[in-house]
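Coordinate analysis (summary)
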There are 4 protein chains.
Amino acid sequence: MPALRYGMVGGGPGAFIGDVHRMAAELDGGAALVAGAFSSDPSASRDKGAALGLAPDRVYGDYRAMAEAEVARSDPIDFVVVVTPNHLHFPVARTFLEAGVPVVCDKPMTTTVEDAETLCRLVAEGGPLFALTYNYTGYPMVDEARAIVRSGRLGRIRRIQLDYFQGWLATSLESTGHRQAGWRTDPERAGVAGALGDIGTHAHDLARYVTGLEVEEVAADLTTFVDGRRLEDDACVLVRWTGGARGTLTASQIAVGEENELVLRVYGTHGSIVWRHADAESLRVSTADGPAEILRRGAPYLDVETQGGSRLPPGHPEGFIEGFANVYRAVIEAIRGPDADGGETTRRFPTVWDGARGVHFLEKAVESARVGGWVDARYDPPGDPGA
Amino acid sequence: MPALRYGMVGGGPGAFIGDVHRMAAELDGGAALVAGAFSSDPSASRDKGAALGLAPDRVYGDYRAMAEAEVARSDPIDFVVVVTPNHLHFPVARTFLEAGVPVVCDKPMTTTVEDAETLCRLVAEGGPLFALTYNYTGYPMVDEARAIVRSGRLGRIRRIQLDYFQGWLATSLESTGHRQAGWRTDPERAGVAGALGDIGTHAHDLARYVTGLEVEEVAADLTTFVDGRRLEDDACVLVRWTGGARGTLTASQIAVGEENELVLRVYGTHGSIVWRHADAESLRVSTADGPAEILRRGAPYLDVETQGGSRLPPGHPEGFIEGFANVYRAVIEAIRGPDADGGETTRRFPTVWDGARGVHFLEKAVESARVGGWVDARYDPPGDPGA
Amino acid sequence: MPALRYGMVGGGPGAFIGDVHRMAAELDGGAALVAGAFSSDPSASRDKGAALGLAPDRVYGDYRAMAEAEVARSDPIDFVVVVTPNHLHFPVARTFLEAGVPVVCDKPMTTTVEDAETLCRLVAEGGPLFALTYNYTGYPMVDEARAIVRSGRLGRIRRIQLDYFQGWLATSLESTGHRQAGWRTDPERAGVAGALGDIGTHAHDLARYVTGLEVEEVAADLTTFVDGRRLEDDACVLVRWTGGARGTLTASQIAVGEENELVLRVYGTHGSIVWRHADAESLRVSTADGPAEILRRGAPYLDVETQGGSRLPPGHPEGFIEGFANVYRAVIEAIRGPDADGGETTRRFPTVWDGARGVHFLEKAVESARVGGWVDARYDPPGDPGA
Amino acid sequence: MPALRYGMVGGGPGAFIGDVHRMAAELDGGAALVAGAFSSDPSASRDKGAALGLAPDRVYGDYRAMAEAEVARSDPIDFVVVVTPNHLHFPVARTFLEAGVPVVCDKPMTTTVEDAETLCRLVAEGGPLFALTYNYTGYPMVDEARAIVRSGRLGRIRRIQLDYFQGWLATSLESTGHRQAGWRTDPERAGVAGALGDIGTHAHDLARYVTGLEVEEVAADLTTFVDGRRLEDDACVLVRWTGGARGTLTASQIAVGEENELVLRVYGTHGSIVWRHADAESLRVSTADGPAEILRRGAPYLDVETQGGSRLPPGHPEGFIEGFANVYRAVIEAIRGPDADGGETTRRFPTVWDGARGVHFLEKAVESARVGGWVDARYDPPGDPGA
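In what follows, the accompanying structure is described. (Residues numbered from 1 in each chain as written. Chains lettered and ligands numbered in written order. Predicted model: local features only at pLDDT ≥ 70, side-chain atom pairs only at ≥ 80, totals over all residues. Heavy atoms only, no water.)

**Description of unusual backbone geometry**
Short version of the rule: By the criteria applied, helices consist of DSSP H or I runs no shorter than four residues and strands consist of E runs no shorter than two, each listed in order from the N terminus.
In the segment running from B:Lys107 into B:Pro108, the intervening peptide bond is cis, with an omega of -20°. Note on placement: B:Pro108 falls in the loop between strand E4 (103–105) and helix H5 (113–124).

**Remarks on the relation of the copies chain D and chain C**
For clarity, the cut-off: Our superposition of the copies is a least-squares fit, built on the C-alpha atoms of residues whose pLDDT is at least 70 in both. We call two residues in contact when some of their heavy atoms are within 4.5 Å.
For the pair chain D and chain C, the best superposition has an RMSD of 0.0 Å and corresponds to a rotation of 180° with a translation of 0.0 Å parallel to the axis. Here the symmetry operator amounts to a two-fold rotation axis. Relative to the rotation axis, the closest C-alpha in chain D is found at D:Gly373, a distance of 2.6 Å. Comparing interface residues between copies, 100% of those in chain D also lie at the interface in chain C; the contact surface is shared.

**Some details on the side chain of C:Gln166**
All names here are of chain C. Put simply, the rule reads: By the criterion applied in these results, polar contacts are pairs of N or O atoms within 3.5 Å in which, for protein atoms, one can donate a hydrogen and the other can accept it, and in which residues neighboring in sequence qualify only through two side-chain atoms.
Among the structural elements, Gln 166 can be located in the loop between strand E6 (157–165) and helix H7 (179–184). Here the side chain of Gln 166 touches Gln 253 through a polar contact of 3.0 Å, side chain to side chain. Ignoring sequence-local partners within four residues, the contact set of Gln 166 consists of Ile 199, Ser 252, Gln 253, Ile 254, Ala 255, Glu 258, Glu 259 and Asn 260.

**A look at the sheet that holds strand E5 (residues 130–132) of chain D**
All names here are of chain D. Note the following rule: A pair of strands is considered paired only if DSSP assigns at least 2 bridges between the two. Think of each axis as a best-fit line through the C-alpha atoms, taken over the contacting stretch in the case of a helix, with angles from 0 to 180 degrees between the N-to-C directions.
One open sheet holds the five strands; their spatial order is E2-E1-E3-E4-E5, and the pairing between them is parallel. Two strands close off the open sheet at either side, each with one partner strand: strand E2 (31–37) and E5. Between one strand axis and the next, the sheet turns through 25° on average, direction left out of account. Bridge analysis of strand E1 (residues 4–10) against E2 gives six bridges, and the strand direction is parallel. Following the sheet pairing, Met 8 is matched in E2 by Gly 36. Contacts from helix H1 (residues 17–26) reach E1, E2 and strand E3 (79–83), with the element oriented near 170° to E1. Strands in contact with helix H11 (residues 320–336) are E1, E2, E3, strand E4 (103–105) and E5; relative to E3, the strand with the most contacts, it is inclined by about 150°.

**Some remarks on the relation of the copies chain A and chain C**
Once chain A has been moved 0.0 Å along the axis and rotated by 180°, it coincides with chain C to within an RMSD of 0.0 Å. Taken as a fraction of all interface residues of chain A, those also at the interface in chain C reach 100%, which identifies the copy contact as same-surface.

**Some words on the packing of aromatic side chains**
Test applied: In summary, the pairing rule links any two rings of Phe, Tyr or Trp, Trp by its six-membered ring, whose centres are within 6.5 Å, and it sorts them by plane angle into stacked for under 30 degrees, edge-to-face for over 60 and tilted for everything else. Residue exposure (1.4 Å probe, protein chains only): buried if accessible area is under 20% of the type maximum, exposed if over 50%, otherwise partly exposed. Any Lys NZ or Arg CZ found within 6 Å of a ring centre and within 35 degrees of that ring's normal is scored as a charge over the ring.
Tallied over the entire structure, the rule returns 36 aromatic pairs over all chains. The interplanar angle of 5° and the centroid separation of 5.2 Å between the aromatic rings of C:Tyr6 and C:Phe79 together place this pair among those described as stacked. One end of the pair, C:Tyr6, is in strand E1 (residues 4–10); the other, C:Phe79, is in strand E3 (residues 79–83), with 73 residues separating them in the sequence. Owing to a relative accessible area of 0%, C:Tyr6 belongs among the buried residues under this scheme. For C:Phe79, a relative accessible area of 0% translates into the label buried. Put simply, the rings of A:Tyr6, A:Phe79, A:Tyr136, A:Tyr139, A:Tyr164, A:Trp275, A:Phe320, A:Phe324 and A:Tyr328 touch in pairs and so form one group of aromatic residues. Over the face of the ring belonging to A:Tyr63 we find A:Arg64, whose NZ or CZ atom lies 4.6 Å from the ring centre.

**Side note on empty space enclosed by the protein**
Residue and element names in this part refer to chain D. Rules: Space inside and on the surface of the protein is sampled on a 1 Å grid over the protein atoms alone, with a cavity defined as a set of points where a 1.4 Å probe fits but cannot get out and a pocket as an open set with protein on both sides within 12 Å along at least 5 of 7 lines; lining residues have an atom within 4 Å of a point. Grid points are joined across faces, edges and corners, and a volume is the space filled by probe spheres set on the points. We call Asp, Glu, Lys and Arg charged. Ala, Val, Leu, Ile, Met, Phe, Trp, Tyr, Cys and Pro are nonpolar, and the rest, Gly among them, are polar.
For the structure on display, the rule yields 18 cavities of 30 Å³ or more. In this structure, the largest cavity spans a volume of roughly 80 Å³. As for the largest cavity, its lining consists of His 204, Glu 214, Val 215, Arg 357, His 360, Phe 361, Ala 377, Arg 378 and Tyr 379. Considering every element that reaches the lining of the largest cavity, the biggest residue donor is helix H12 (residues 352–371), with three residues. Residue composition of the lining of the largest cavity, grouped by class: four nonpolar, two polar and three charged.

**A closer look at the nonpolar core**
Basically, it comes down to this: Each nonpolar core is a collection of buried residues, namely Ala, Val, Leu, Ile, Met, Phe, Trp, Tyr and Cys, held together in the definition by side-chain atoms within 4.5 Å.
Ranked by size, the top nonpolar core spans 159 residues in total, and within it B:Leu196, B:Trp275 and C:Trp275 carry the most contacts. Not counting residues within four places of it along the chain, the set of residues in contact with B:Trp275 comprises B:Tyr136, B:Tyr139, B:Met141, B:Val142, B:Leu206, B:Leu262, B:Val263, B:Leu264, B:Ala280, B:Ser282 and B:Leu283. With 157 residues, the next largest nonpolar core counts A:Leu54, A:Ala280, D:Phe79 and D:Leu162 among its residues.

**Here we look at the sheet that holds strand E2 (residues 31–37) of chain A**
Residues and elements named next belong to chain A. Strand order in this open sheet of five strands is E2-E1-E3-E4-E5, and the pairing throughout is parallel. Here the strands that pair on one side only, and so sit at the sheet edges, are E2 and strand E5 (130–132). Averaged over all neighbouring strand pairs, the angle between strand axes comes to 25°, with direction disregarded. Looking at chain direction, strand E3 (residues 79–83) and strand E4 (residues 103–105) are connected through three bridges and run parallel.

The structure is reproduced here in structure tokens:
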């Protein structure tokens, strides 16, 4: 089966996530990069396109020009990947959706709920496929956690604890010219939230994915520790979930000594699961009566869907790119459609509604911190078929 | 040097902490149990005394009788250990303090701030020694964490995360006749808080001990998950500390699959420490620039005070009893006084003021949960020489 | 029930294991030290006795005098603990056994097989109780490993890997006046083996205890890395066990960076167990078909005998002293006899025959290293009721 | 820079390693698969080629036909990847080398030393590039271990312990029709060694790579535990290394419960390193005087060459494919030559001489097991520029 053709917007000099998307999209040979608007600086875009071996006429300095030119071709891109700073997600995604091109967009989806809802409506009203790269949902052992919660083995969920610690913004890295730090701490480009928008949104989505619960109320304490920084770099949030579950969500980028420590703990009436990104191939499953079990990626006793997310035997470490690639695998299957292999596709990818819920959560957490107390955070985005 | 004589109030049938105190107090041969009022049931007290080989005339069915009889002896007890349910800590401790007998009391110190302050005044106004067994401060690697914070190696403290998870109260154990569960979930005997009073108070004191910071504001969400239970079994607290540090404190006793998982994370401007009770002999120390270090109990590179808390070479596991015994070692040295070894004693034990701060924290967290928002939690107990 | 009276031979200045024995023997209140010959230097012995609060007339400068005096008393010691350097184990133990005093002796039991067999015969021919402190067999999770092997859950044992790493003798510590290093590297006092005798013998006994298998053949490579040292400080041994099991046993005291890392791995046809001393309260149990389980000390799902070896709930770390104390608990119960609690005692302690097998293993490993190949290591000590 | 074109021999149905090679070779976009002889069954080869989207005229049923056809093209393959069962490595590699095509070959290189030496001579005498995928040397933290040893920080190496445990061959999987198990346990296709050839050879090369030492003598115990199996499934080897270092190498494929546990421990006079494949992104570095350090992949404090092997920031797990891809990156750079980026290439890949040393080690271990004792294992393959 020939690889799908895709284009990329963003991912120019100093970006790291663009390369991750490319390695992930292409890992299984299902997609090939053929076009790009890598930077708003045409020369930087051209250099990147050349380094990637693209045909010069498919390297653009502007995403609008790219959308227009690509849809006019006989061999157009089959989808576009949006890996720009956050504030551009919306205009770029809308442009391609309106041009009929499926979109894979990085998180958070938009910088306002209003924009998010615009995208929801575009998709709900017959628009092309839209996928959001909440990539942590692509890890097989996250799928296993989800399968276990759904099986009822944990009983009713009571407590969800989410921690996401990084240390790389413990100093004013943005004032040194560091591009990533620059836009991620800039409200004009990052949106209303700093640490919460950059990493907390992953934690929020991860819990939703695994438990199927939604946030009902939040009480947040957002702090900016680094002098001169314009967005919070540390967030502590009390969360009340549907069905009576409670817990905390913390997201910090000033936690010196932490790399990228995302931990999910879900406790039910009968059992619990703990998943740590630093040991992403293991899942601890505990019940009240027996010893903890350490489930491992690739093992034959896992749920059959979980097994479908593995590429290597257990003990041959898979990592970030493979998890990311599982999101792409689902996207590529969905774009090819059910006829491709004669059956329904069952792989999941985060949707535009997941994205909208994420943006709404950020706004409510920020509001809670501003008012200094609990706020109602219930929400159903327009057109969500699952709501 | 002859062992000190001590008595015990509480620790009768079904208690486990009484035996822990006894093993800890006697581990180094510095104290010997000679008297006790182990239960308010005289026959149960007698049986326990006999099992412990005590002289029958020093086994009492009532702590008041014990205090009176012991101080009248020519060989009275040198101190008393109070290991009753919480509501008796205050009357028992006051009785012995007023009788001039040093007191070692389990936590939380009292069930009201008013009672706590009465004890503070008794001690401040010339009363005998009073020690509270916040035993986690007795672990050598907790002392090392404290030494590192004080050395300035972490810089200014920004973030403190405290998690204390247990799963043993995930079902209504109290309705099965389980004695520990019975009184710990009963507001008449446990006090205003459940999980927070039973374990959260340890976390609170641990952070104070290590960082030297105090709580300024709290916003708590307290939940009772088990039907019919009368105190919260799960607590999530946002905490603002002196000096601008922020963080969460969680305490849960319905976290199925967790044994007794107390974790302290302290992040400063320059570095961080992480200490997990499940791996109590290790301390992770990280700085921004180099690899994480795993410091180990018993190692020669530790702070000299930390080394004083070890009994065995590294790699020969010490545990709960040894940590507890370090609190007793400090108490015994302090009772013996500076003349015993010709020098000032330097070992620390938690004081009546630590106890009062703990009780005040509980009250403020409960108040915050009731009002649904932030409350001012600043506090200096009467007579605190450190305030 | 009154505590048994015991005496100690050895454990003077610079020793650490004497204190361990004392804390372990007394942890449960079942024994009280009343006599000692702590050093062959009478003044050092006297000082130690005074520090321990012993009556001066029960502190001896010579173990023979002690044996003679103690058995003549109306309140003699109920047992003696031998914690001297290895070469004195035999004469001291024989003296007390011949005087009718039960003996608890540290390992390795003797420095020659001939001496070991003399002790075996003394015990077999109606002598008093003799226990050897292969203390690693006192850890509850080692008992659990043994119970699992016996249950057949692992199937037939195929592979046993034993690793024991320490780093403290990586330099010529013995030439600095360090007492422990001094005698442990001196063939006159330590016996025929260095690292293998000091720690390898623990590994050998641990595997025997857990699996019930015996060594059949060995091929050893013994190396002395530190210049001027007179005994090997590193041992690598190929071992063939009864029933066809194979594996390695390594013991090194020059493994810089290792504290006291004893690891047991047992693989059967159907499953495996892994136990690490550094995480002594956990036991990994794996089978071919399901996830690994992490069994934990103190948990209700453990074998009932394992549970009997716990003092604290799970999550309240126990360690080296508690494991050691379990050996003493068994000894004390056995000395008291079945009438004490109206039933048969079931706790196990290592016997004189375990000790003899240990000494024989050392001799065979040394012989193998000398001849440079495999040697037959089968052995049944005289009088072994289990052989 | 355009991607290199490569072909593959082997990697047909039931193989997993072919896909690994493909993902690894293409991860950075430096190579594209254009041709293949995936199976000796032409129809299976065709199906695989079609699934991979290859042009039908470049899919072959025979590697000789492939070599002949490819070198005759105007757009020939730039290198070939050999991922057949072991016995075909030699004829395939020789065919392509003689045709002037660079070869990347899986391990063990050949089934006899004689064949290995033939390949050595072909390369030494002006043949094209030959690389062996001892892929564990591609892990960044293995490179860091190597850099640390070379820096002298560990002092002189004394002890090397190598353990490689798998459990997948604990039963007679080969008799169930499992293709991998089939050829790996068949001496006609696997060669003289089973577990030792399949995984032990990785451990041997890993130690050589990290320490720079070579094997001098071996004493091996090889066991076949599974009835009817024709090659050993468990190997325990005593190893003496150049410079006086000693240690063990174990390789087992009947270790139920183990996935793919490769552990390297290197102890020197001053420090040690421990690397576990299950936690491949960490490296424990210990010295005699300070705490253990946990070095992490991607960190800025690592050796500059180590850093060059990372694709993602620390905390974003990389795994097996990335390590493998580092071997390919070095190969691709070397094929492109120094002009490609105007500088010398410095990345390393395992050579034909590494391969020959691996094969020789296997033969000597097997010989040792047969004679039942030590054998001299010193060896320099013909033409080795480093010998």
